[in-house]
Amino acid sequence: MSEKPLAGSVALVTGASSGIGAATARRLAEEGAAVALVARRRDRLDRLAEDIANLGGRAHALEADITEPEQAYQAVQDTLGRLERLDILVNNAGIMLLGTALHTTIEEWDRMVSLNVAALLHVTHAAVPYLIDAAATSPRQVADIVNVSSTAGRVARPGSSVYNLTKFGLNGFTEALRQELLVERVRVGIVEPGTVRTELVDHLGEATREAALRQVSGIEPLRAEDIADAIGYIVTRERRVAVNEMLVRAGDQTW
Ligand code: NDP
(Lines give C-alpha, C1' and ligand atoms only; values in the text may rest on other atoms or scores of the structure.)
Protein backbone atom coordinates (compact mmCIF):
# COMPACT_ATOMS: atom_id res chain seq x y z
CA MET A 1 0.00 0.00 0.00
CA SER A 2 1.38 3.43 -0.89
CA GLU A 3 2.07 5.95 1.87
CA LYS A 4 -0.38 8.78 2.48
CA PRO A 5 0.68 12.02 0.74
CA LEU A 6 1.25 13.95 3.98
CA ALA A 7 2.74 11.12 6.05
CA GLY A 8 5.40 12.51 8.38
CA SER A 9 4.19 16.10 7.94
CA VAL A 10 2.81 18.41 10.60
CA ALA A 11 0.06 20.95 9.93
CA LEU A 12 -1.19 23.82 12.09
CA VAL A 13 -4.80 24.91 11.46
CA THR A 14 -6.11 28.08 13.10
CA GLY A 15 -9.83 28.23 13.84
CA ALA A 16 -9.97 24.44 14.01
CA SER A 17 -12.84 24.29 16.51
CA SER A 18 -15.62 24.68 13.92
CA GLY A 19 -16.56 25.11 10.27
CA ILE A 20 -13.89 25.17 7.60
CA GLY A 21 -11.01 24.80 10.06
CA ALA A 22 -12.41 21.65 11.68
CA ALA A 23 -13.14 20.08 8.29
CA THR A 24 -9.66 20.99 7.06
CA ALA A 25 -8.01 19.47 10.14
CA ARG A 26 -9.89 16.22 9.53
CA ARG A 27 -8.95 16.25 5.86
CA LEU A 28 -5.25 16.86 6.48
CA ALA A 29 -5.22 14.11 9.12
CA GLU A 30 -6.80 11.74 6.58
CA GLU A 31 -3.97 12.62 4.20
CA GLY A 32 -1.50 11.54 6.89
CA ALA A 33 -0.50 14.82 8.58
CA ALA A 34 -0.30 15.24 12.36
CA VAL A 35 -2.42 18.31 13.04
CA ALA A 36 -2.14 21.07 15.66
CA LEU A 37 -5.68 22.31 16.31
CA VAL A 38 -5.70 25.97 17.35
CA ALA A 39 -8.71 27.97 18.62
CA ARG A 40 -10.20 29.21 21.90
CA ARG A 41 -12.88 26.55 22.56
CA ARG A 42 -10.90 23.83 24.25
CA ASP A 43 -13.82 21.36 24.52
CA ARG A 44 -14.39 21.45 20.75
CA LEU A 45 -10.69 20.98 20.03
CA ASP A 46 -10.44 18.05 22.44
CA ARG A 47 -13.44 16.34 20.83
CA LEU A 48 -11.99 16.82 17.35
CA ALA A 49 -8.58 15.52 18.43
CA GLU A 50 -10.31 12.46 19.84
CA ASP A 51 -12.32 11.89 16.63
CA ILE A 52 -9.15 12.16 14.56
CA ALA A 53 -7.34 9.72 16.86
CA ASN A 54 -10.27 7.27 16.64
CA LEU A 55 -9.92 7.34 12.86
CA GLY A 56 -6.25 6.45 13.15
CA GLY A 57 -4.87 9.98 12.80
CA ARG A 58 -2.88 12.22 15.10
CA ALA A 59 -3.93 15.63 16.38
CA HIS A 60 -3.09 17.87 19.29
CA ALA A 61 -5.43 20.51 20.74
CA LEU A 62 -3.82 23.89 21.42
CA GLU A 63 -6.11 26.38 23.11
CA ALA A 64 -5.10 29.90 22.09
CA ASP A 65 -6.59 33.31 21.47
CA ILE A 66 -4.39 34.24 18.55
CA THR A 67 -5.38 37.92 18.76
CA GLU A 68 -3.01 37.96 21.75
CA PRO A 69 0.44 38.17 20.09
CA GLU A 70 2.10 36.05 22.78
CA GLN A 71 -0.50 33.28 22.33
CA ALA A 72 -0.14 33.37 18.55
CA TYR A 73 3.62 32.95 18.91
CA GLN A 74 3.17 30.26 21.55
CA ALA A 75 0.76 28.26 19.35
CA VAL A 76 3.55 27.86 16.81
CA GLN A 77 6.12 27.04 19.49
CA ASP A 78 3.79 24.46 21.08
CA THR A 79 3.23 22.84 17.68
CA LEU A 80 6.98 22.40 17.40
CA GLY A 81 7.20 21.23 21.01
CA ARG A 82 4.43 18.64 20.70
CA LEU A 83 4.65 17.55 17.08
CA GLU A 84 8.30 18.39 16.42
CA ARG A 85 8.08 20.20 13.10
CA LEU A 86 5.84 22.40 10.96
CA ASP A 87 5.22 21.72 7.26
CA ILE A 88 1.81 23.26 6.61
CA LEU A 89 0.15 26.37 8.04
CA VAL A 90 -3.53 26.96 7.33
CA ASN A 91 -4.50 30.50 8.35
CA ASN A 92 -8.23 30.00 8.61
CA ALA A 93 -9.50 31.72 11.80
CA GLY A 94 -11.65 34.69 10.86
CA ILE A 95 -14.73 36.64 11.77
CA MET A 96 -17.25 38.53 9.64
CA LEU A 97 -19.15 41.26 11.47
CA LEU A 98 -21.33 42.84 8.82
CA GLY A 99 -22.91 46.27 9.09
CA THR A 100 -22.64 49.73 7.57
CA ALA A 101 -20.12 52.28 8.87
CA LEU A 102 -22.94 54.20 10.49
CA HIS A 103 -24.40 51.20 12.30
CA THR A 104 -21.28 49.22 13.24
CA THR A 105 -19.29 49.90 16.40
CA ILE A 106 -15.60 50.66 16.14
CA GLU A 107 -15.02 47.66 18.43
CA GLU A 108 -16.49 45.37 15.78
CA TRP A 109 -14.15 46.83 13.17
CA ASP A 110 -11.24 46.37 15.59
CA ARG A 111 -12.18 42.73 16.22
CA MET A 112 -12.12 41.92 12.51
CA VAL A 113 -8.78 43.62 11.92
CA SER A 114 -7.35 42.05 15.03
CA LEU A 115 -8.26 38.45 14.04
CA ASN A 116 -8.41 38.46 10.22
CA VAL A 117 -5.24 40.52 9.80
CA ALA A 118 -3.06 41.03 12.91
CA ALA A 119 -3.43 37.53 14.35
CA LEU A 120 -2.75 35.97 10.95
CA LEU A 121 0.42 38.05 10.64
CA HIS A 122 1.62 37.00 14.09
CA VAL A 123 1.09 33.30 13.44
CA THR A 124 2.66 33.53 9.98
CA HIS A 125 5.69 35.47 11.19
CA ALA A 126 6.35 32.92 13.91
CA ALA A 127 5.91 30.00 11.49
CA VAL A 128 7.96 31.07 8.45
CA PRO A 129 11.44 29.99 9.69
CA TYR A 130 10.13 26.52 10.56
CA LEU A 131 8.33 26.16 7.23
CA ILE A 132 11.55 27.05 5.41
CA ASP A 133 13.36 24.44 7.45
CA ALA A 134 10.67 21.83 6.70
CA ALA A 135 10.90 22.51 2.96
CA ALA A 136 14.66 22.07 3.10
CA THR A 137 14.74 18.91 5.18
CA SER A 138 11.53 16.92 4.62
CA PRO A 139 11.04 14.08 2.14
CA ARG A 140 8.31 16.20 0.44
CA GLN A 141 10.91 18.97 -0.07
CA VAL A 142 8.18 21.54 0.06
CA ALA A 143 6.12 23.35 2.71
CA ASP A 144 2.82 25.23 2.49
CA ILE A 145 0.95 28.24 3.75
CA VAL A 146 -2.73 28.37 2.80
CA ASN A 147 -4.63 31.53 3.68
CA VAL A 148 -8.42 31.42 3.81
CA SER A 149 -9.75 34.58 2.18
CA SER A 150 -13.22 34.92 0.64
CA THR A 151 -15.15 36.06 -2.39
CA ALA A 152 -15.18 39.19 -0.21
CA GLY A 153 -11.47 39.46 -1.06
CA ARG A 154 -12.47 40.12 -4.68
CA VAL A 155 -15.88 41.79 -4.56
CA ALA A 156 -16.72 44.69 -2.24
CA ARG A 157 -20.30 45.22 -1.10
CA PRO A 158 -22.09 47.67 1.19
CA GLY A 159 -22.22 46.50 4.79
CA SER A 160 -19.01 44.55 4.38
CA SER A 161 -16.39 47.29 4.15
CA VAL A 162 -13.98 46.21 6.87
CA TYR A 163 -14.46 42.50 6.16
CA ASN A 164 -13.62 43.41 2.54
CA LEU A 165 -10.59 45.37 3.77
CA THR A 166 -9.26 42.37 5.68
CA LYS A 167 -9.79 39.89 2.83
CA PHE A 168 -8.60 42.17 -0.03
CA GLY A 169 -5.55 42.88 2.12
CA LEU A 170 -4.99 39.21 2.74
CA ASN A 171 -4.95 38.55 -1.00
CA GLY A 172 -2.19 41.17 -1.48
CA PHE A 173 -0.18 39.89 1.47
CA THR A 174 -0.44 36.33 0.17
CA GLU A 175 0.81 37.21 -3.31
CA ALA A 176 3.81 39.17 -1.99
CA LEU A 177 4.69 36.41 0.46
CA ARG A 178 4.37 33.85 -2.33
CA GLN A 179 7.00 35.69 -4.35
CA GLU A 180 9.30 36.01 -1.31
CA LEU A 181 9.14 32.37 -0.27
CA LEU A 182 9.07 30.49 -3.55
CA VAL A 183 12.86 30.25 -3.70
CA GLU A 184 12.69 28.47 -0.35
CA ARG A 185 10.09 26.06 -1.75
CA VAL A 186 7.47 27.29 0.69
CA ARG A 187 4.32 27.55 -1.41
CA VAL A 188 1.88 30.27 -0.43
CA GLY A 189 -1.67 29.99 -1.66
CA ILE A 190 -5.09 31.43 -1.10
CA VAL A 191 -8.53 29.86 -1.02
CA GLU A 192 -11.53 32.11 -1.54
CA PRO A 193 -14.75 30.43 -0.42
CA GLY A 194 -18.17 31.61 -1.43
CA THR A 195 -21.11 30.97 0.89
CA VAL A 196 -20.38 28.09 3.25
CA ARG A 197 -22.73 26.81 5.95
CA THR A 198 -20.76 27.35 9.18
CA GLU A 199 -21.04 29.30 12.44
CA LEU A 200 -19.68 32.45 10.76
CA VAL A 201 -23.03 34.29 10.77
CA ASP A 202 -23.82 33.26 14.35
CA HIS A 203 -21.65 36.11 15.61
CA LEU A 204 -23.89 38.74 13.99
CA GLY A 205 -26.66 40.61 15.75
CA GLU A 206 -30.14 39.23 15.04
CA ALA A 207 -31.22 41.77 12.42
CA THR A 208 -27.93 41.63 10.51
CA ARG A 209 -27.87 37.85 10.69
CA GLU A 210 -31.39 37.64 9.28
CA ALA A 211 -30.46 40.05 6.46
CA ALA A 212 -27.34 38.01 5.68
CA LEU A 213 -29.30 34.76 5.66
CA ARG A 214 -32.02 36.31 3.46
CA GLN A 215 -29.37 37.28 0.94
CA VAL A 216 -28.27 33.66 0.54
CA SER A 217 -31.66 32.01 1.07
CA GLY A 218 -32.04 31.11 -2.61
CA ILE A 219 -28.78 29.22 -2.90
CA GLU A 220 -27.54 25.88 -1.68
CA PRO A 221 -24.50 26.74 0.45
CA LEU A 222 -21.18 24.96 0.26
CA ARG A 223 -20.22 22.58 3.02
CA ALA A 224 -17.08 23.13 5.08
CA GLU A 225 -15.77 19.87 3.57
CA ASP A 226 -15.91 21.44 0.09
CA ILE A 227 -13.34 24.02 1.17
CA ALA A 228 -11.32 21.41 3.04
CA ASP A 229 -11.16 19.54 -0.29
CA ALA A 230 -9.65 22.60 -1.97
CA ILE A 231 -7.07 23.03 0.79
CA GLY A 232 -6.31 19.30 0.76
CA TYR A 233 -5.78 19.46 -2.99
CA ILE A 234 -3.35 22.38 -2.76
CA VAL A 235 -1.10 20.89 -0.08
CA THR A 236 -0.93 17.38 -1.54
CA ARG A 237 0.52 18.49 -4.90
CA GLU A 238 4.06 17.45 -5.65
CA ARG A 239 6.70 20.13 -5.23
CA ARG A 240 6.82 21.08 -8.92
CA VAL A 241 3.16 22.22 -8.72
CA ALA A 242 2.06 25.41 -6.95
CA VAL A 243 -1.68 26.04 -6.84
CA ASN A 244 -1.65 29.69 -5.82
CA GLU A 245 -5.34 30.54 -5.79
CA MET A 246 -8.67 28.72 -5.63
CA LEU A 247 -11.99 30.54 -5.84
CA VAL A 248 -14.74 28.13 -4.76
CA ARG A 249 -18.25 29.56 -5.04
CA ALA A 250 -21.54 27.88 -4.27
CA GLY A 251 -23.00 26.71 -7.55
CA ASP A 252 -25.88 29.21 -7.51
CA GLN A 253 -23.86 32.17 -6.28
CA THR A 254 -23.87 35.15 -8.67
CA TRP A 255 -21.39 37.47 -6.84
P1 NDP B 1 -16.58 29.63 12.02
O2 NDP B 1 -17.17 30.75 12.82
O3 NDP B 1 -17.25 28.30 12.06
O4 NDP B 1 -15.06 29.42 12.40
C5 NDP B 1 -14.22 30.46 12.85
C6 NDP B 1 -13.07 29.85 13.63
O7 NDP B 1 -12.19 30.88 14.06
C8 NDP B 1 -13.56 29.10 14.86
O9 NDP B 1 -12.85 27.88 14.98
C10 NDP B 1 -13.16 30.01 16.01
O11 NDP B 1 -12.89 29.24 17.17
C12 NDP B 1 -11.89 30.64 15.44
N13 NDP B 1 -11.54 31.86 16.15
C14 NDP B 1 -12.32 32.95 16.33
N15 NDP B 1 -11.66 33.85 17.09
C16 NDP B 1 -10.46 33.31 17.41
C17 NDP B 1 -9.36 33.74 18.18
N18 NDP B 1 -9.35 34.95 18.77
N19 NDP B 1 -8.28 32.92 18.33
C20 NDP B 1 -8.28 31.70 17.74
N21 NDP B 1 -9.30 31.25 16.97
C22 NDP B 1 -10.37 32.03 16.81
O23 NDP B 1 -16.53 30.19 10.52
P24 NDP B 1 -15.93 29.61 9.15
O25 NDP B 1 -15.46 28.23 9.28
O26 NDP B 1 -16.92 29.95 8.11
O27 NDP B 1 -14.70 30.60 8.94
C28 NDP B 1 -13.39 30.20 8.64
C29 NDP B 1 -12.78 31.19 7.64
O30 NDP B 1 -13.48 31.10 6.41
C31 NDP B 1 -12.82 32.65 8.07
O32 NDP B 1 -11.57 33.25 7.78
C33 NDP B 1 -13.91 33.24 7.17
O34 NDP B 1 -13.70 34.61 6.92
C35 NDP B 1 -13.72 32.40 5.92
N36 NDP B 1 -14.87 32.37 5.03
C37 NDP B 1 -16.06 31.81 5.41
C38 NDP B 1 -17.14 31.83 4.55
C39 NDP B 1 -18.48 31.28 4.92
O40 NDP B 1 -19.46 31.50 4.16
N41 NDP B 1 -18.63 30.57 6.01
C42 NDP B 1 -17.04 32.40 3.20
C43 NDP B 1 -15.74 32.92 2.89
C44 NDP B 1 -14.71 32.90 3.76
P45 NDP B 1 -13.09 29.71 18.70
O46 NDP B 1 -14.34 30.51 18.76
O47 NDP B 1 -13.15 28.40 19.42
O48 NDP B 1 -11.85 30.49 19.03
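The tally for this structure, following the rule as stated, stands at one cavity of 30 Å³ or more. Volume-wise, the largest cavity comes out at about 30 Å³. Around the largest cavity sit Thr14, Ile66, Asn91, Asn92, Ala93, Leu115, Ala119, Leu120 and Val123, which together line it.

Another aspect to go through is the pairing of strand S5 (residues 143-148). The buried fraction of S5 is high, at six of six residues. Every second residue of S5 is oriented toward a common face, with Ala143, Ile145 and Asn147 on one face and Asp144, Val146 and Val148 on the other, all of them buried. Of the pairings in the sheet, the one linking strand S4 (residues 88-91) to S5 comprises four bridges and is parallel in character. Residue pairing for S5: valine 90 is matched across the bridge by valine 146.

Let's shift gears to the layout of surface pockets. Quantified by volume, the second largest pocket comes out at close to 260 Å³. Taken together, the residues of the lining of the second largest pocket sort by class into six nonpolar, four polar and eight charged.

Moving on, we get to unusual backbone geometry. Unlike most non-glycine residues, glutamine 141 shows phi in positive territory, near 60°. Counting through the fold element by element, glutamine 141 comes out in the loop between helix H4 (106-137) and S5. For glutamine 141, a relative accessible area of 41% translates into the label partly exposed. For arginine 185, which is not glycine, the phi torsion reads 65° and is therefore positive. Among the structural elements, arginine 185 can be located in the loop between helix H5 (161-181) and strand S6 (186-193). Owing to a relative accessible area of 31%, arginine 185 belongs among the partly exposed residues under this scheme.

The next thing to look at is the site of the ligand. Around the ligand, a shell composed of 30 residues is seen, among which Arg40, Arg41, Asn92, Tyr163 and Thr198 lie nearest. A distance of 2.8 Å separates an oxygen atom of the ligand from a polar atom in the backbone of valine 196. Here glutamate 199 contributes a backbone N or O atom positioned 3.4 Å from an oxygen atom of the ligand. A total of 880 Å² of accessible area belongs to the ligand in isolation, and the protein chains cover 95% of it. The set of elements that each furnish at least two residues to the shell around the ligand consists of helix H1 (19-30) and H5. Tallied by class, residues from the shell around the ligand come to twelve nonpolar, 13 polar and five charged.

Rules of the game
Residues numbered from 1 in each chain as written. Predicted model: local features only at pLDDT ≥ 70, side-chain atom pairs only at ≥ 80, totals over all residues. Heavy atoms only, no water. 1 Å grid on protein atoms, 1.4 Å probe; cavity = no way out; pocket = protein on both sides within 12 Å on 5 of 7 lines; lining within 4 Å. Points joined across faces, edges and corners; volume = space filled by probe spheres on them. Buried < 20%, exposed > 50% of the residue type's maximum accessible area, 1.4 Å probe, protein only. Helix = DSSP H or I, 4+ residues; strand = E, 2+ residues; numbered from the N terminus. Pairing = 2+ DSSP bridges. Nonpolar A, V, L, I, M, F, W, Y, C, P; charged D, E, K, R; others polar. Near = heavy atom within 4 Å. Polar contact = N/O pair within 3.5 Å; in protein donor to acceptor, adjacent residues only side chain to side chain. Areas by Shrake-Rupley, 256 points an atom, 1.4 Å probe, with all protein chains shown as cover.

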